Amino acid sequence: TQPLLEVEDLHVEFRTRDGVAKVLNGVSYHVSAGETLAVLGESGSGKSVTAQTIMGILDMPPAFITNGSIKFRGEDLLTKSADERRAVRGEGIAMIFQDALSALNPVFTVGFQIEEQLKVRRGMSKADARKRAVELLDQVKIPNAKGRVSDYPHQFSGGMRQRAMIAMSLALDPELLIADEPTTALDVTVQAQIMDLLAEIQKERDMGMILITHDLGVVADVADRISVMYAGRIVEHADVYELFRAPGHPYTESLLESLPRLDLKGQELKTIKGLPPSLTNIPSGCPFHPRCPRAFDRCPTEVPAVHNLGMGRTSRCHIAEEVVARG
Ligand code: SF4
Ligand code: MG
């Protein structure tokens with residue numbers, strides 16, 4: 001079957017006075033219905049920019065899409081008019097953000113913000129929209145949804161606001177949900193609850209989900225596959241189990257080594273040396289080479305090709321086969 005969403009060779013530049021930042025340099029990934037793809041990377045790796053480009057909220061200066069396609073149900077969103085793309089937003093693809101407080105409008109009640117979409121996009125009556133808003137708040141496990149539907153966002157705790165934003169994103173029954181760092185602003189216990197909720201909703205609705213995160217620890221239980229991003233490209237694609245069993249790229253390897261592990265209590269965690277690259281000045285050859293513990297003479301000069309490691313698994317590293325074999 002055809003994937004719900006196929007991103008192919010996406011290139012995006014920011015043209016600023018300080019120069020051209022190459023923020024996406026050939027990003028490709030795909031998600032099917034009923035599947036969760038985690039997109040993992042440090043800040044500035046391009047994971048949010050990819051999502052914003054998919055949502056069509058980035059196609060204005062200084063951002064320029066210079067190449068690629070974004071197919072939703074086989075149709076390239078990048079060739080559609082602004083109106084056609086707006087129609088896909090919400091119903092086809094919905095997005096939730098890290099910061100629910102800025103995504104929710106402080107002057108309207110939570111219920112009103114859900115109801116408004118249903119009235120405008122679905123032509124629902126006020127009463128029906130209210131009923132549906134309460135159902136949605138109930139689905140995201142907001143206690144006493146009937147009472148809380150008339151609350152303002154500031155009357156909700158951080159976790160409850162995140163739940164309300166999830167409810168809002170589900171109002172038009174999207175086929176694909178993009179969650180950009182949905183738990184980063186929350187404390188650890190609430191983080192786990194929100195992750196569980198997202199996983200549950202994804203299953204129940206058989207949605208496709210893209211989970212964007214810098215935290216490999218939060219994706220292990222929820223994701224089916226992982227795309228690891230570095231310097232605006234995907235450096236490794238793998239099934240989540242395979243990736244944890246044996247990383248196929250030195251960057252992924254470093255991310256795994258920096259994860260706290262229960263079985264290695266007391267051991268010092270390794271951190272990745274150096275900083276993520278500047279996108280106005282991406283290192284030559286393999287962009288990870290200044291930080292890579294396995295770098296060798298070819299790395300600063302030769303751009304690594306995509307190595308196919310079997311079972312849909314890929315890695316952009318000269319020695320990918322060796323790296324994965326050592327895992
Ligand atoms: Fe490291 Fe070289 Fe592989 Fe890049 S190509 S990840 S620098 S070993
Ligand atoms: Mg981000």
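Cut-offs used in this document
- Residues numbered from 1 in each chain as written.
- Chains lettered and ligands numbered in written order.
- Predicted model: local features only at pLDDT ≥ 70, side-chain atom pairs only at ≥ 80, totals over all residues.
- UniProt positions renumbered as here; feature names shortened; annotations may be inferred.
- Helix = DSSP H or I, 4+ residues; strand = E, 2+ residues; numbered from the N terminus.
- Rg over C-alpha atoms; globule rule 2.2 N^0.38 Å.
- Buried ≥ 20, exposed ≤ 12 C-beta atoms within 10 Å, placed from the backbone.
- Contact = placed C-beta atoms within 7 Å.
- Pairing = 2+ DSSP bridges.
- Axes fitted to C-alpha atoms, helices over the stretch in contact; angles between N-to-C directions.
- Near = placed C-beta within 6 Å.
- Nonpolar A, V, L, I, M, F, W, Y, C, P; charged D, E, K, R; others polar.
- Parallel < 35°, antiparallel > 145°, perpendicular 65-115°, else oblique.
- Left-handed = near helix turned anticlockwise from the far one by under 90°.
- Expected span 1.5 Å × (residues − 1).
- Arc of directions from axis to C-beta.
- Core = buried A, V, L, I, M, F, W, Y, C linked by C-beta atoms within 7 Å.

- In the annotation of an unreviewed UniProt entry, the protein chain is listed under the name Oligopeptide transport system ATP-binding protein and assigned to Lentzea jiangxiensis.
- Note on the protein chain: under the UniProt heading Sequence similarities (unreviewed entry), the record states "Belongs to the ABC transporter superfamily."
- As its UniProt record puts it under Subcellular location (unreviewed entry), the protein chain is described as follows: "Cell membrane".

### Topic: the overall build of the protein chain
Okay, so step 1: The secondary structure content of the protein chain amounts to twelve helices and twelve strands.
Okay, so step 2: In terms of overall size, the protein chain behaves like a compact globule, its C-alpha atoms giving a radius of gyration of 21 Å where 327 residues would be expected to give roughly 20 Å.
Okay, so step 3: Overall size of the protein chain, expressed as C-alpha extent along the three principal axes, is 70 × 50 × 40 Å.
Okay, so step 4: Classification of the 327 residues of the protein chain by burial places 42% in the buried group.
Okay, so step 5: Within the protein chain, residue pairs in contact and separated by at least 24 positions form 63% of the contacts whose partners lie at least 6 positions apart.

### Concerning the sheet that holds strand E2 (residues 19-31)
Okay, so step 1: Strand order in the open sheet formed by four strands is E2-E1-E4-E5, and the pairing between neighbours is antiparallel. The sheet terminates laterally at E2 and strand E5 (75-76), the two strands that pair on one side only.
Okay, so step 2: For strand E1 (residues 5-16) and E2, the ladder comprises ten bridges, and the chain directions are antiparallel. Within the sheet, the bridge partner assigned to Val-12 lies in E2 and is Leu-24.
Okay, so step 3: Sheet strands touched by helix H1 (residues 47-55): E1, E2 and strand E4 (63-72). Its angle to E1, the strand with the most contacts, is close to 105 degrees.

### A few points about the site of ligand 1
Okay, so step 1: Residues in contact with ligand 1, as listed here, are Pro-250, Cys-286, Phe-288, His-289, Cys-292, Arg-294, Ala-295, Cys-299, Pro-304, Cys-317, His-318 and Ile-319.
Okay, so step 2: Tallied by class, residues from the shell around ligand 1 come to nine nonpolar, two polar and one charged.

### Remarks on the packing of helix H4 (residues 110-122) against helix H5 (residues 126-139)
Okay, so step 1: As a packed pair, H4 and H5 sit with axes 9 Å apart at the nearest point and diverge in direction by 125 degrees. With respect to H5, the element H4 is oriented oblique. Note that H4 runs across H5; the crossing there is right-handed. Here H4 contributes Gly-111, Ile-114, Glu-115, Leu-118 and Lys-119 to the contact with H5, which in turn contributes Lys-126, Ala-129, Arg-130, Arg-132, Ala-133 and Leu-136.
Okay, so step 2: Looking at the contact of H4 with H5, its residues break down into five nonpolar, one polar and five charged.

### Topic: H4
Okay, so step 1: Here H4 spans 18 Å end to end across 13 residues, near enough to the 18 Å set by a 1.5 Å rise per residue.
Okay, so step 2: What H4 keeps buried is the set Val-110, Gly-111, Ile-114, Glu-115, Gln-117 and Leu-118. All buried residues of H4 lie within an arc of 155 degrees about the axis, which places them on one face of the element.
Okay, so step 3: After H4 finishes, the residue Gly-123 shows a positive phi value of roughly 65 degrees.

### With respect to the sheet that holds strand E6 (residues 93-96)
Okay, so step 1: Reading across the sheet, the eight strands line up as E6-E7-E8-E3-E9-E10-E12-E11 and stay open at both edges, with mixed pairing between neighbours. Edge positions in the open sheet fall to E6 and strand E11 (307-310), since each of these has one partner strand only. Across this sheet, the average inter-strand angle for adjacent strands is 20 degrees, counted without regard to direction.
Okay, so step 2: The sheet contact formed by E6 and strand E7 (residues 176-180) spans four bridges and is parallel. Bridge pairing in E7 links Ala-94 to Leu-177.

### Topic: the environment of Glu-321
Okay, so step 1: With respect to the helices and strands, the residue Glu-321 is situated in helix H12 (residues 320-326).
Okay, so step 2: On the basis of neighbour count, Glu-321 is assigned to the partly exposed category, with 14 C-beta atoms found within 10 Å.
Okay, so step 3: Considering only alpha carbons, one finds Glu-321 and Ser-258, 63 residues apart in sequence, at a separation of 22 Å.

### A look at the nonpolar core
Okay, so step 1: Core analysis: the biggest nonpolar cluster contains 87 residues, and Leu-137, Ala-164, Ile-178 and Ile-210 have the highest contact counts within it.
Okay, so step 2: Excluding residues that lie within four positions of it along the chain, Leu-137 makes contacts with Ile-142, Ala-145, Arg-148, Val-149, Ala-164 and Ala-167.

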